[in-house]
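# Results of the structural survey
Take a look at the letters that make up each chain.
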Amino acid sequence: MTDLPTPRGRLTPDRPLNDLTWLRVGGPADWLFQPADLDDLCDFLKALPVEVPVFPMGVGSNLIVRDGGLRALVIRLGRGFNGITVAGNRVTAGAAALDAHVAKRAAEAGVDLTFLRTIPGSIGGAVRMNAGCYGSYVADHLVEVRAVTRGGAVVTIPAADLHLRYRQSDLPDGWVLVEAVFEGASGDPEALAAKMDAQLKKRDETQPTKDRTAGSTFRNPAGFSSTGQADDTHELKAWKVIDEAGMRGATQGGAQMSPKHSNFLVNTGGATAAELEGLGEEVRKRVFQHSGIELEWEIMRVGEPARDTGPS
């Protein structure tokens, strides 16, 4: 195994990732690095051999790590990367800050970033995926980000240079987002709090929030505006085409398409990553057979399948 530099933060070899993902599945990463601070991250990446792949990981809210694990150095930001500050209508948030916390802190200061309140995960992932709901997206509010390059340099990237589009952005492989700056409209803090309460109530009524899921499994299959954003007035809904294909509540081992919302993949207990991904692929196949629509995964799937050890 390649010798790695010695950081001030925590560097753990062969670290299982199942307890770091919302679906609670996944084999080990070759290494898990939790940097102490920005300087530690920069120094480590600068000294890291170029042949070592780097995979930045948030809180694992939209991720399946396959059972064989990940042949990479996984970087997970924590304390020191989760600060939130507000100046006027601009909100600066560390990449490890939870989306919900950013929405609440902004609302308390009279800035409307309420769309973030019900989005699972952290700011780094929200930016990478151009996350959004209720007709608002990160692209509508993002001013700029700071990132650390694979070579350890800190760079500031204007939002336009990320080319944010539906559930996608352009950030070079191995670069680590560390901070994002948003701008929101002014609003009354009490009214913004009430708006978020209403969003939470609607989410809890329609989504399996008490189950082990990773958010929406598939992208809505059609209806993009000229700017690349989803057009809620015309797009088909993934849950609807899944229902029409008869896959609501379908199971494979410990994996299930939620009976409450059929675009949510659930680990009912003891599911493997292979069962979760296998059920998702079966859903894609059945939907295509029924309607000719090819669903695209919204959940990121990484790593290798479990090694077949053969008969004992």
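Residues numbered from 1 in each chain as written. Predicted model: local features only at pLDDT ≥ 70, side-chain atom pairs only at ≥ 80, totals over all residues. Heavy atoms only, no water.

Convention followed: UniProt positions are given in the numbering used here, feature names are shortened, and annotations may be inferred rather than shown by experiment.
The chain is annotated in an unreviewed UniProt entry as UDP-N-acetylenolpyruvoylglucosamine reductase from Maliponia aquimaris. According to UniProt, the comment filed for the chain under the heading Sequence similarities (unreviewed entry) is "Belongs to the MurB family." Listed in UniProt under the heading Pathway (unreviewed entry), the comment for the chain reads: "Cell wall biogenesis; peptidoglycan biosynthesis."

### Here we look at the overall build of the chain
How we decide: Strands here mean DSSP runs of E at least two residues long; helices mean DSSP runs of H or I at least four residues long; both are numbered from the N terminus. For the radius of gyration, the atoms used are the C-alpha atoms, and the globule rule reads 2.2 Å times the number of residues raised to 0.38. Residue burial is assigned from relative accessible area. The probe radius is 1.4 Å, only protein chains are included, and a residue is buried under 20% of its type maximum, exposed over 50%, and partly exposed in between. By definition in these notes, contact holds between two residues if any of their heavy atoms fall within 4.5 Å. Exposure was quantified through the Shrake-Rupley algorithm and a 1.4 Å probe, taking into account, for residues, occlusion by the shown protein chains and nothing else. All tallies of charge rest on Lys and Arg as positive and Asp and Glu as negative; His and the ends of each chain are not included. To locate a charge, take NZ of a lysine, CZ of an arginine, CG of an aspartate or CD of a glutamate.
In terms of helices and strands, the chain carries 7 helices and 18 strands. In terms of overall size, the chain behaves like a compact globule, its C-alpha atoms giving a radius of gyration of 20 Å where 312 residues would be expected to give roughly 20 Å. In terms of principal-axis extent, the alpha carbons of the chain reach across some 65 × 50 × 35 Å. Out of the 312 residues belonging to the chain, those deemed buried represent 49%. For the chain, long-range pairs separated by at least 24 residues make up 63% of all intrachain contacts whose partners lie at least 6 apart in sequence. Carbon and sulfur atoms provide 49% of the accessible area of the chain, an area that totals close to 14,500 Å². Computing the positive centroid from 34 side-chain charges and the negative centroid from 40, the chain places the two 3 Å apart.

### Remarks on the environment of N62
Stated precisely, the cut-off is as follows: Contacts described as polar in this section are N or O atom pairs within 3.5 Å, which, within protein, must combine one atom able to donate a hydrogen with one able to accept it, while residues neighboring in sequence count only if both atoms come from side chains.
By secondary structure assignment, the location of N62 is in the loop between β3 (54–57) and β4 (63–65). Accessibility expressed as a relative area gives 22% for N62, which makes it partly exposed. On a C-alpha basis, the gap between N62 and K237 in space is 19 Å, while along the polypeptide they are 175 residues apart. Within polar-contact distance, the side chain of N62 engages the backbone oxygen of A214 at 3.1 Å.

### Some points on the environment of L17
As for its placement among the helices and strands, L17 is situated in the loop between β1 (10–16) and β2 (28–34). Classification of L17 as buried rests on a relative accessible area of 0%. Note: C-alpha distance between L17 and A29 (12 residues apart in sequence) is 6.7 Å. The residues contacting L17, other than those within four sequence positions of it, are V25, G26, G27, P28, A29, V65, L70 and V74.

### Regarding the packing of helix α2 (residues 99–108) against helix α5 (residues 189–206)
The cut-off we apply is this: Helix axes are fitted to C-alpha atoms over the stretch in contact, other axes to C-alpha atoms as well, and angles between N-to-C directions run from 0 to 180 degrees. Here the word oblique covers every angle except those under 35 degrees (roughly parallel), over 145 (roughly antiparallel) and from 65 to 115 (roughly perpendicular). Under the scheme applied here, ten amino acids are nonpolar (Ala, Val, Leu, Ile, Met, Phe, Trp, Tyr, Cys and Pro), four are charged (Asp, Glu, Lys and Arg), and all others, including Gly, are polar.
Between α2 and α5, the least distance of the axes is 8 Å, while the angle of their chain directions is 155°. In terms of their interaxial angle, α2 and α5 are classed as roughly antiparallel. Contact with α2, carried on its side by A103, K104, A107 and E108, involves P189, L192 and M196 of α5 and no other residues of that element. Grouping the amino acids of the contact of α2 with α5 by side-chain chemistry returns 5 nonpolar, no polar and 2 charged.

### Thoughts on the packing of aromatic side chains
Stated precisely, the cut-off is as follows: Pairing of aromatic rings covers Phe, Tyr and the six-membered ring of Trp, with a centre-to-centre limit of 6.5 Å; geometry is then stacked below 30 degrees between planes, edge-to-face above 60, and tilted otherwise.
This model, assessed by the stated rule, comprises 2 aromatic pairs. Ring geometry for F218 versus W297: centroids 5.1 Å apart, planes at 55°, classification tilted. Of this pair, F218 sits in the loop between α5 and α6 (238–244) while W297 sits in the loop between α7 (273–291) and β18 (300–302), placing them 79 residues apart in sequence.

### Regarding the UniProt feature "active site" (unreviewed entry) in the chain
In the numbering used here, UniProt assigns the "active site" (unreviewed entry) feature to R167, S216 and E298. Considering the C-alpha atoms alone, the annotated residues occupy 132 residues of sequence yet fold into one spot, their largest mutual distance being 11.5 Å. By the element assignment, R167 lies in the loop between β12 (154–158) and β13 (176–183). Those residues in contact with R167 that lie beyond four places of it in its chain are M129, N130, A131, G132, Y137, R219 and E298. Given a relative accessible area of 12%, E298 falls into the buried group. With near-sequence residues (within four places) excluded, E298 lies in contact with N62, M129, R167, S216, T217, F218 and R219.

### Focus on the sheet that holds strand β7 (residues 90–94)
Applicable threshold: DSSP calls a pair of strands paired once it identifies at least 2 bridges connecting them.
Strands sit in the order β6-β7-β13-β11-β12 across an open sheet of 5 strands; the sheet is antiparallel. Among the strands making up the open sheet, the edge pair consists of β6 (84–87) and β12. Direction aside, the axes of adjacent strands within the sheet are offset by 15° on average. The pairing of β7 with β13 spans 5 bridges and is antiparallel. Residue pairing for β13: G94 is matched across the bridge by E179. Strand contacts of α2: β6 and β7, with the helix running at about 30° to β6, the strand carrying the most contacts.

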